[in-house]
Structure formats: C-alpha cells, structure tokens
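# Residue-level structure breakdown
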Amino acid sequence: MKDSSDKVTRRQFVKLSSGVVAVSSMAFAGWGITEILVDEGPVDSWHKSVCRFCGTGCGVMIGKKDGKIARIRGDKEAHNKGVICIKGSMLAEISQLNGRLTKPKIRQDGELKEASWDEAMSLVAEKFSHSIIKNGPDSVAFYGSGQLFTEESYTANKLFKAGIGTNNVDGNPRLCMASAAVGYTQTFGKDEPAGAYEDIDHATCFFIIGSNTYEGHPPIWERIMIRKKSNPKVKIIVVDPRRTKTAQYADLHLPVAPGTDLLLLNAMAQIIVEKGLHDPGFIQEHVNFNDGKNTVSWNNYVTFLQDYRPEKVANELGLTPGQIEEAAYLFGSSDATLSLWTMGINQRVQGVFLNNCLNSLHLITSQICRPGATPLSLTGQCNACGGVRDTGSLSHLLPGGRFVNNPEHRQEMEEIWGVPEGTISSKPGYDAINLFKAMDEEKVAVCLIMCTNPAQSLPNASLYREAMKKCFIVVADIFEDTETAQYADVILPAAFYTEKTGVYGQTERRYQLVEKLIDPPGEARSDLEIIVDLAERLGHGGLIKNKTAKDTWDEWRKVSAHSKYNFEGITYERLQKERGLQWPCPTEDHPGTVRRYCKGDPFVQEGREIQFYGKPDNKAVVFLRPYIPSTEKTTDQYPLYLTTGRVIEQWHTGTMTDKISEISKTSGRGRFFINPQDAYEAKVTDGDEIELESRYGKITGMVEISEDESPGVLFASFFDSKFLINVVVSDLLDPFSKQPEYKITAVSIKKHQTTS
Ligand code: SF4
C-alpha cells in the first residue's frame, strides 16, 4: 500500500475525474491514472452488498455508523476486485439525500396531496378493478425496471400475467438490452451470455463495438487494461463513430459512419472466410446457417457475403478496406477473442441483426466456449438480466426463457403457478413504446410505473409525456421530483435498495444478494410490499402467496428448476456467504457455471465438449443478415446525426446522481458535444447555445467543441432533466426486439438567437 500522502479523497478524485475508485493496492498503470486510495473514516460495521446502478454489478462493502449508511468501498473479494466507479462510490451520500418521499400522495385539483397508504392503495385498486371490468385486462399495465429486485419483478409479472390476465408487463430493459436478448435467443436458443467477466483475463483480442466501456462500465475497462498490461500483445479494437475515451486506448479504432456497422460485421466475416480464418470442423459440428426463413448451406453463406467485400462497403462505412481487413485478421487469428457491446448496437433498428452477426463472427471462427473467447453483451442496469430477462418480465416473455405466444410454454407456467389452463393470455402485451402509444390511444387506462422515469428516458418523449396525461398513472419512487411524477395521479414512497432485501442478477448470470441495512424513511415501503398489497386488494392474494423477499426467491428458484435457467441451488444462505453465484446452478452443492454450452455446464451431456443445447439439434445458428439502412437518414433539411449515451459520473436520468453536487459539478450540465468543423459551419463556439431540430422535436442547449466527435455527428447525454434530449430522439423500433433506435437521429442545428 502506498503511504497516506498518496491518498486522495473521493472529492479530490472526482475532480481528477478518471471515474474509477479502488481500495486495494492493485496497479492501474497504463491508462492515465495511477492507484487511487479512498480516504475513508471509521465505521461501526461493514456489510456485504452490491452497487445499485449498472450491470457491472460491482460487489461493494457498505459501512454503517450510528445507524446510517456512512461509507462505501469496493469489495476485493468480488469480481470487480475492489474497483468501483464514481457513481458507486457515492452510494452513501445518495442513501442520505434529503427530500425523500415519505408518504403516499394522491393528485387532487392538480396537486399531489398526502394520503394514507390505505387511501392511496384503495384508489389504485379501484382504478385497476374498474378498468379491468369495463375494458378488459389489457386496459391495465405494469411498467417496471432493471433496477427492481428480482423478487419484485417476478411477483409483478406473475400478478399481471397469471392473476389479472394481461401480458402488459414491460419496462426500461426494453430500451437497453432487448436486442441483445433476442439476438442470443435466435442464435443460441436461449437468452443470456455464454461467457463471463473472467474471460477478460484470458482474451488476447478485445472487439468492442458500440460500447464506451471506459465510461459505461469502468471496472470492466480497468480489468481489460490490466489484461493488456500483463500481455502487451493483447489487441483492442474499438468500433465507434466517436473517439470515446475507450477508443483512445484502442490499437485499432474504426470510426464507422453512424448506422453502418452491420456492413462492417458482414465484411469482416467475408474476409475471415476468404482468408481461411474460419474453423470448418467447428462449423460442421456445431453450426447451422439460416437466411431468416430456412436453413441454408455454407456455400449460400459464402455467396451472401460477397456483397460485403471490403472494397464494396468501405466507402459507406467511412473506412479503408485495409482497416476492415486488419480488424477481421485480428479477430479471427487471435488465440481468444472477446467481444463486448452495449447500446451502440442494441439501440438500433437493426439491433437484433447486429447481435446475430456479432455472435456469428464468434461461431465461424470458434471464438467461443473457451477461456477468453466469447461474445459478452454488457448490461446497462444492475438487474435487467436477473430481474427482467430471466423472470420473463417483458410483454412477450414468460419465466425461464418461455414465450407467451407458445401454447406449451403457457401451459407449463400455468401448471407451475397452479392457475387454470387458459389463464395466461396468448396475446403478447405492449412493448415499452407501444405501451405508451396505447396510452395515447386510450387503450391502456391504468399503469403502475416502478423504479423508472419514462417521462425523461423514452425517445420522442414529448409524444409519450402527452400520452401519460390520458392514463391513470401510479408511480412508485424514492423521490417526488422526477419528470414522471409530474404525470402521476398517485405517487407511492418506495424504499431505497439498502432499505429492503432482494437479489440482483448482472451481466454474467451472477446472482448477488442485497440485504436490508436500514429502515426506509417515513412510511416508505419496498416495491415488493406495494405489489403484494395491490395483489391482495385485487383478489389475487392466494396467487401471490409469498409475501417476503426470501419466500419469493425460494419460489422463483424452484420455478427455475423447470428450465435451462436452473438456479435452484442458489439460496439466500449461500448468497449471504458467497460473493454471488452464476447460473446454471441446479443444486446447493453446485459451484455455479462460469461458461455455458461447454464442459462444466450441467446441461452439457457427459462426454461432449460443446453443446448448444438451447437448440433442438444442439447447433447454434449463423444468420445471413442483410444490411438495411435505417430510415432515420440525413437529408438537406436534417444534415447531421445526433447520438446519445452516458457520461461516467451520472446514472440514467440523474434522479439520484445529479443531486450530488460533486457529481453534478464534474459532469456539468447536459450539452451538445460537436466537432470543430461542424461548429465552424454553424458559426458557434464553446458556450454558445444552439437550437437543434429533428423530425420529433426541438431543443435548445449549449455546445462544447470536441475533437473527439466525428464531423457530422453530435453527442449528448440524457441525465439532465433541464435538457430533455429525448424529446428530439428517434423512436423507430427494431422489428424483432421492439427496442428503439436512440443512437441515430437526423438533426439540423442553428445558433440560438436570444431576444434580450
Ligand atoms: Fe460498478 Fe456500475 Fe456501480 Fe460503477 S455504477 S460501481 S461500474 S456497478
């Protein structure tokens, strides 16, 4: 350990702002920061927990002093090895923020007025019951979050699908990972990744596409840098139109033109095949080819790829053929290639196709099912995987990888849940965007929104903010000043995550337990208590018979045993002792599964090295996916692209992090980042205001000139409620995943003329 003179406080650290905080003596040399030690004060006791923000799922230790959450540090025993980012390091401050909602409120004469729980929940239940009787179960909905606990999403899903009888259960994971989930399911037959973070320590080539890992998942980036430092031959390829902080450390940065990267993936496949970098034996044994309708041959695939020869597509990509060839060579010839991606390819109208093609690159090169070789989608939220994907809490899903439009799957779940045959509707519910459209069309009249802020996070936000006015909106949140609360008819005070108990499941199929450490303020309740209360008032108390988090978890892990998601062996008792467990984990003496579909996975038959058991013939699928340009194109009227994303300091819509002055000072206010050339043409300079217009709306904001933005592409983040960037963002959807295309919106800009 360094001596104390080398220590910096978090506040100093935020100002230094590399964004990663560590408490160990781990060396961080090689990418611009050296070891940072957090100067923490004494506590009464330390408790094992998890960060409540992103899908990295960092293990943290929470220090209590005088009955309050007083300190946070990364847990050296966890997969993040003690490293946490600046958001996680502020969890103690966030848990002590003033202004918490402490009593239910009901809107009367335009104002939210305090009410008792009984008054509020009676009104909510009455609205639900009335709408269900009058217009049927599909006139009500649940809009949840990848930040609810697993037990909460599972219970809400069960209540709505097996109790009320509607599949109108969706939430913010639709906005961030639906394309990855559908991509995995189409390719492998099951959702969730084959690999794990541990693969970072073995990879010799990182292919990072559509992810600013440095800012979005800092401890993951830290681990990549440690790997690179340990083996300088390790190569990093970054595909991103922006010269992000991640791209700045790449051996090969491919600044593709926005929206064209499917051309790149197909061109890389073409080169891999032409140069013989594929693995014919693996393909023969483990892969089928499909053109989207039928199984086709290897020769069909080779012919399909001819349209994507580098010399044909390089110009549209904004690259040289040599850059494409180099990427293909590095990917295909590496001992172990690990692909990482997030919203850059998920939030696209071809998001599923992009995921298919990326999975395909791994399959044709056999860069899968080996240490370091795997596609690994990074998840946005702490519990989008475990809480929402695994429990099937989206409008087309049922638990454990089942689908509502599959009669056998419905029947299985009806038997497991003990409800009469035919209870679960065969009709998929509304996905996120179509749910809010249904509010606009007055088809959905009552909606419970938990732990999320759609009035700020939905694209084309003005349209859906208006839609919420036509629906009876019930919001459960920890604060009352969110954008969504403005549309609430009833607002319910929710417990913060340290004030309740439940399980998070992060990117690598790892479940971790969060235990209640303190009581919620005032009358605030856990989201599970709220859902259980609603169930009882709607007459479904017998269905939702487990009322506590532990009992609900025990039910859910037993339900999971009826699927290939089996984690029956992951008990609360084990999670209290162990630093998370990765499923499949069928029995209480099973150690969990680091890598799926290969030896060691309990579902792989004995004697087999690899088995893609999600498919009936045990073969994964390489899809022939054509490039279809987005209709969100630049024109004379809208000559530039806007792309949006995260910054390292802020979490999502900023409802928590933006209340921390150190964070908000460091991130600054929401603004447009613009290339000097575009700024010159618009006759604006740093600090000027511009009016930005798209097909969806207009917004005014400050510009900051940055060489890191590509000419023709502006960047803005979405955390600032005073800078509602999503009012101008496209809400076009991927036809398969129904995930919106946040990443590409054609826009025009002009200098804002003030009228003073
Ligand atoms: Fe880790 Fe993500 Fe929390 Fe940062 S926000 S500490 S990366 S889980």
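Figured I'd write up the structure that's included with this text. (Residues numbered from 1 in each chain as written. Predicted model: local features only at pLDDT ≥ 70, side-chain atom pairs only at ≥ 80, totals over all residues. Heavy atoms only, no water.)

### Quick word on the overall build of the protein chain
Put simply, the rule reads: By the criteria applied, helices consist of DSSP H or I runs no shorter than four residues and strands consist of E runs no shorter than two, each listed in order from the N terminus. Note on method: radius of gyration uses C-alpha positions; expected globular size equals 2.2 Å times residues raised to 0.38. Working rule for contacts: check all heavy atoms of both residues, and any pair within 4.5 Å makes them a contact. Using a 1.4 Å probe, the Shrake-Rupley method yields the accessible areas, and only the shown protein chains count as cover for residues. The charged-residue count follows a simple rule in which Lys and Arg add positive charge and Asp and Glu add negative charge, with His and chain termini not counted at all. Lysine's charge is taken at NZ, arginine's at CZ, aspartate's at CG and glutamate's at CD.
Within the protein chain one finds 27 helices and 31 strands. A compact globule built from 756 residues should have a C-alpha radius of gyration of about 27 Å, and the protein chain, at 25 Å, falls within 12% of that. With the principal axes as the frame, the protein chain shows a C-alpha extent of 70 × 70 × 60 Å. A separation threshold of at least 6 residues defines the contact pool for the protein chain, and within that pool the share at least 24 residues apart is 71%. By element, 47% of the accessible surface of the protein chain is carried by carbon and sulfur atoms, the whole surface being about 26200 Å². Of the charged side chains in the protein chain, 86 are positive and 97 negative, and the gap between their average positions amounts to 1 Å.

### Some thoughts on the site of the ligand
For clarity, the cut-off: Neighbouring residues are identified by heavy atoms, a residue being near a molecule or strand if any of them is within 4 Å of it.
Every residue close to the ligand is listed here: Cys51, Phe53, Cys54, Thr56, Gly57, Cys58, Ile84, Cys85, Lys87, Gly88, Pro218 and Pro219. Going through the elements one at a time, β5 (84-85), α2 (86-89) and α9 (218-230) are the ones with two or more residues in the shell around the ligand.

### Brief notes about helix α17 (residues 351-364)
For clarity, the cut-off: By definition here, a helix of n residues has an expected span of 1.5 Å times n minus one.
Along its 14 residues, α17 runs 20 Å from first to last C-alpha, staying within 8% of the 20 Å computed at 1.5 Å per residue. Backbone geometry just after α17 places Ser366 at a positive phi near 55 degrees.

### A word on helix α13 (residues 298-305)
Here is the rule: The cut-offs for exposure are 20% and 50% of the maximum accessible area for each residue type, with area from a 1.4 Å probe on protein chains only; residues under the lower value are buried, those over the upper are exposed, and the others partly exposed. This arc is taken over the directions from the axis of the helix to the C-beta atoms.
Here α13 has its buried residues at Tyr301, Phe304 and Leu305. Along the axis of α13, the buried positions cluster into a sector of 95 degrees, meaning they face one direction only. α13 presents Asn299 and Thr303 as exposed residues on the side facing more than 90 degrees away from its buried surface.

### A closer look at the sheet that holds strand β23 (residues 510-514)
Counted only if it meets this: At least two bridges found by DSSP between two strands is the condition for calling them paired.
With respect to topology, 3 strands assemble into an open sheet ordered β22-β23-β24, the strand pairing being antiparallel. Every interior strand has two partners, whereas the edge strands, β22 (502-505) and β24 (581-582), have only one. Two elements, β22 and β23, share 4 bridges in a ladder whose sense is antiparallel. When the bridges of β23 are listed, Gly502 appears paired with Val514.

### Here we look at the side chain of Gln512
We count it as follows: In protein, a polar contact requires one atom able to donate a hydrogen and another able to accept it; more generally it is a pair of N or O atoms within 3.5 Å, and residues adjacent in sequence count only if both atoms are side-chain atoms.
With respect to the helices, strands and loops of the structure, Gln512 is situated in strand β23. For Gln512, a relative accessible area of 2% gives the class buried. Engagement of the side chain of Gln512 in a polar contact is seen with the backbone oxygen of Gly57, the distance being 2.9 Å. A polar side-chain atom of Gln512 sits 3.1 Å from a polar atom in the side chain of Arg579. With residues near it in sequence (within four places) discarded, Gln512 still touches Val50, Gly57, Gly59, His79, Gly502, Val503, Tyr504, Gln506, Leu575, Arg579 and Gly580.

### Re the sheet that holds strand β13 (residues 287-290)
One open sheet holds the 3 strands; their spatial order is β14-β13-β25, and the pairing between them is mixed. This sheet does not close on itself; its edge strands, each paired only once, are β14 (295-296) and β25 (620-623). Bridge analysis of β13 against β25 gives 4 bridges, and the strand direction is parallel. Looking across to β25, one finds that Val287 is bridged to Ala620.

### Thoughts on unusual backbone geometry
The step from Trp583 to Pro584 runs through a cis peptide bond, and the omega angle for that step is 0 degrees. Turning to its location among the elements, Pro584 is positioned in the loop between β24 and β25. Despite not being glycine, Glu192 has its phi angle at roughly 85 degrees, a positive value. Assignment of secondary structure puts Glu192 in the loop between α7 (178-188) and β10 (205-209). Here His652, not a glycine, exhibits a phi torsion of approximately 45 degrees, which is positive. Here His652 shows up in the loop between β26 (640-645) and α26 (661-667).

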